[in-house]
Amino acid sequence: MSLLSTPLIADALARLFARAVTPRPRVRLPEIAVPTTTVGIPTRHGDVEATIYRPATAIGAPVYVNVHGGGFVVGHREQDDPWCRYLADRAGVTVVNVDYVLAPHRRFPAPVEQVHDVLRWAADDGRDWDGARLCVGGQSAGGNLAAGAARLALRSGGPAIALQVVHYAPLDLVTATADKPSPLGDGAVMKPWMGAIFDTAYVPNPARRRDPLVSPAWSGDAEDLSGIAPALIVTAEYDRLRDEARRYAERLDAVGALVEYLEVPGVDHGYNIMSDAPDAETVTRDVYARIAAHVTRATA
């Protein structure tokens, strides 16, 4: 075990990382404007703030809960603002873009339980959207939490989820990031030291990382997935997390829950937020359009 996997050291570095890094979207989609409001949502781990994005026809629209990334230790919902505006406008859904408690201040299972509580809140028939047509999705750590919340919904009998969107997510925290290859080698966005810090800050006990709510793609997870929400799994060709996304897609496919496995060619982790590549906006728009089409079909 490396020193970075020592909880005391990982916690200190995670706090430093959170203060030093403020993820900002590179692809901003400025031509898309939708009305927004801010709300507080009660959860078992305290209230969380969320931004509500409204489509042109807001009353009775489907609803999509979005969960931002950031390695479980950093990030804020505003970094997904372009995506949420795009989804509300192009898929005609109300988007609930939610924050959640971050590690190491609050660890597993608090964030995933919060997201599940937000899903229950969003599904309530007292809202002015249609909670019976509910989706959940997230990028990176947010994709992990979306997958975990979908698993909690399966275990607890609800709420019903029309689609889960798992976008370049870490899905196997049992396996060290250093043991996850990328065609880019040391040039990959996800560095082994990052995974060691993030995973330890979120789940300090390595044995507990075997929990299906943490590592749904771990090979030792034998829990029956029959009846889980249909899933769109999106990953990136050069991402260290690609192989675990493929494994989870195969598990979902085995129970008839895989809608599509999409591997975006020629890009790495966080391509839609962090990439400076000349074609980053074109690639991002293409992927967003495919996801939005899936959301539209799932909530039709």
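Everything numeric here is computed off the predicted structure, so don't read it as measured data.

Focus on the overall build of the protein chain
Move 1: The secondary structure content of the protein chain amounts to eight helices and eight strands.
Move 2: Scaling as 2.2 N^0.38, a compact globule of 300 residues should have a C-alpha radius of gyration of about 19 Å, and the protein chain matches this with 18 Å.
Move 3: Expressed as a percentage of contacts within the protein chain between residues at least 6 apart in sequence, the contacts between residues at least 24 apart total 79%.
Move 4: A total of about 11,800 Å² of accessible surface is found on the protein chain, and carbon and sulfur atoms cover 54% of it.
Move 5: Between the mean site of the 30 positive side-chain charges and the mean site of the 36 negative ones, the protein chain shows a separation of 3 Å.

Some details on the environment of Thr284
Move 1: As for its position among the elements, Thr284 is in helix 8 (residues 280-298).
Move 2: For Thr284, a relative accessible area of 0% corresponds to the buried category.
Move 3: Sequence spacing of Thr284 and Leu8 is 276 residues, and the spatial spacing of their C-alpha atoms is 38 Å.

Overview of the sheet that holds strand 1 (residues 36-41)
Backbone hydrogen bonds hold the strands of a sheet together, and the pairing may be parallel or antiparallel.
Move 1: Spatial ordering of the open sheet is given by 1-2-4-3-5-6-7-8, a layout of eight strands whose pairing is mixed. Both outer strands of the open sheet, strand 1 and strand 8 (258-264), are each paired with one neighbouring strand and no more. Sheet twist, expressed as the mean angle between neighbouring strand axes with direction ignored, is 20 degrees.
Move 2: Examined bridge by bridge, strand 5 (residues 134-139) and strand 6 (residues 163-167) share five bridges and lie parallel to one another. When the sheet's bridge partners are listed, Val136 is paired in strand 6 with Gln164.
Move 3: Of the strands in this sheet, strand 3 (63-67), strand 5, strand 6, strand 7 (231-236) and strand 8 touch helix 8, which is tilted by about 180 degrees from strand 8.

Section: the UniProt feature "domain: Alpha/beta hydrolase fold-3" (unreviewed entry) in the protein chain
Move 1: The positions UniProt marks with the feature "domain: Alpha/beta hydrolase fold-3" (unreviewed entry) are residues 65-271.
Move 2: Taken end to end, residues 65-271 has its terminal C-alpha atoms 21 Å apart, with 32% of it in helix and 15% in strand.

A few points about the state of the cysteines
Move 1: Counted by the stated rule, this structure contains zero disulfides.
Move 2: No disulfide involves Cys84; its sulfur sits 13 Å from that of Cys135, the nearest cysteine.
Move 3: Its relative accessible area of 0% is what places Cys84 among the buried residues.
Move 4: Judged by its relative accessible area of 0%, Cys135 is buried.

Notes on the packing of helix 2 (residues 81-91) against helix 8
Move 1: Close contact between helix 2 and helix 8 brings their axes to 10 Å; oriented N to C, the two are set at 50 degrees. The angle between helix 2 and helix 8 falls in the class oblique. In the crossing of helix 2 with helix 8, the sense of the turn from one axis to the other is right-handed. Contacts between helix 2 and helix 8 involve Trp83, Tyr86, Leu87, Arg90 and Ala91 on the former and, on the latter, Arg285, Tyr288, Ala289, Ile291, Ala292, Val295 and Thr296.
Move 2: For the contact of helix 2 with helix 8, a count of residues per class yields nine nonpolar, one polar and two charged.

Here we look at helix 6 (residues 242-254)
Move 1: The end-to-end C-alpha separation of helix 6 is 19 Å, in line with the 18 Å expected for 13 residues at 1.5 Å each.
Move 2: Of all the residues in helix 6, the buried ones are Arg242, Glu244, Ala245, Tyr248, Ala249 and Leu252. Take helix 6 and look down its axis: the buried residues cluster within an arc of 165 degrees, on one side only. Along helix 6, exposed side chains directed more than 90 degrees from the buried face belong to Glu250 and Ala254.
Move 3: Buried positions along helix 6 lie against helix 4 (141-156), strand 7 and strand 8.
Move 4: The positive-phi residue at the C-terminal boundary of helix 6 is Gly256, with phi of around 75 degrees.

Here we look at the environment of Asp81
Move 1: Considering the arrangement of structural elements, one finds Asp81 in helix 2.
Move 2: Distance from Asp81 to Asp47, taken between C-alpha atoms, is 21 Å for residues 34 residues apart in sequence.
Move 3: Of the polar contacts made by the side chain of Asp81, one reaches the side chain of Tyr53; its length is 2.8 Å.

A closer look at the environment of Tyr261
Move 1: Here Tyr261 lies in strand 8.
Move 2: On the accessibility criterion, Tyr261 (24% relative accessible area) is partly exposed.
Move 3: Polar contacts involving the side chain of Tyr261 include one to the side chain of Glu263, which spans 2.9 Å.

About the criteria used
Residues numbered from 1 in each chain as written. Predicted model: local features only at pLDDT ≥ 70, side-chain atom pairs only at ≥ 80, totals over all residues. Heavy atoms only, no water. Helix = DSSP H or I, 4+ residues; strand = E, 2+ residues; numbered from the N terminus. Rg over C-alpha atoms; globule rule 2.2 N^0.38 Å. Contact = heavy atoms within 4.5 Å. Areas by Shrake-Rupley, 256 points an atom, 1.4 Å probe, with all protein chains shown as cover. Lys, Arg positive; Asp, Glu negative; His and termini not counted. Charge placed at Lys NZ, Arg CZ, Asp CG, Glu CD. Buried < 20%, exposed > 50% of the residue type's maximum accessible area, 1.4 Å probe, protein only. Pairing = 2+ DSSP bridges. Axes fitted to C-alpha atoms, helices over the stretch in contact; angles between N-to-C directions. UniProt positions renumbered as here; feature names shortened; annotations may be inferred. Disulfide = S-S within 2.5 Å. Parallel < 35°, antiparallel > 145°, perpendicular 65-115°, else oblique. Left-handed = near helix turned anticlockwise from the far one by under 90°. Nonpolar A, V, L, I, M, F, W, Y, C, P; charged D, E, K, R; others polar. Expected span 1.5 Å × (residues − 1). Arc of directions from axis to C-beta. Polar contact = N/O pair within 3.5 Å; in protein donor to acceptor, adjacent residues only side chain to side chain.

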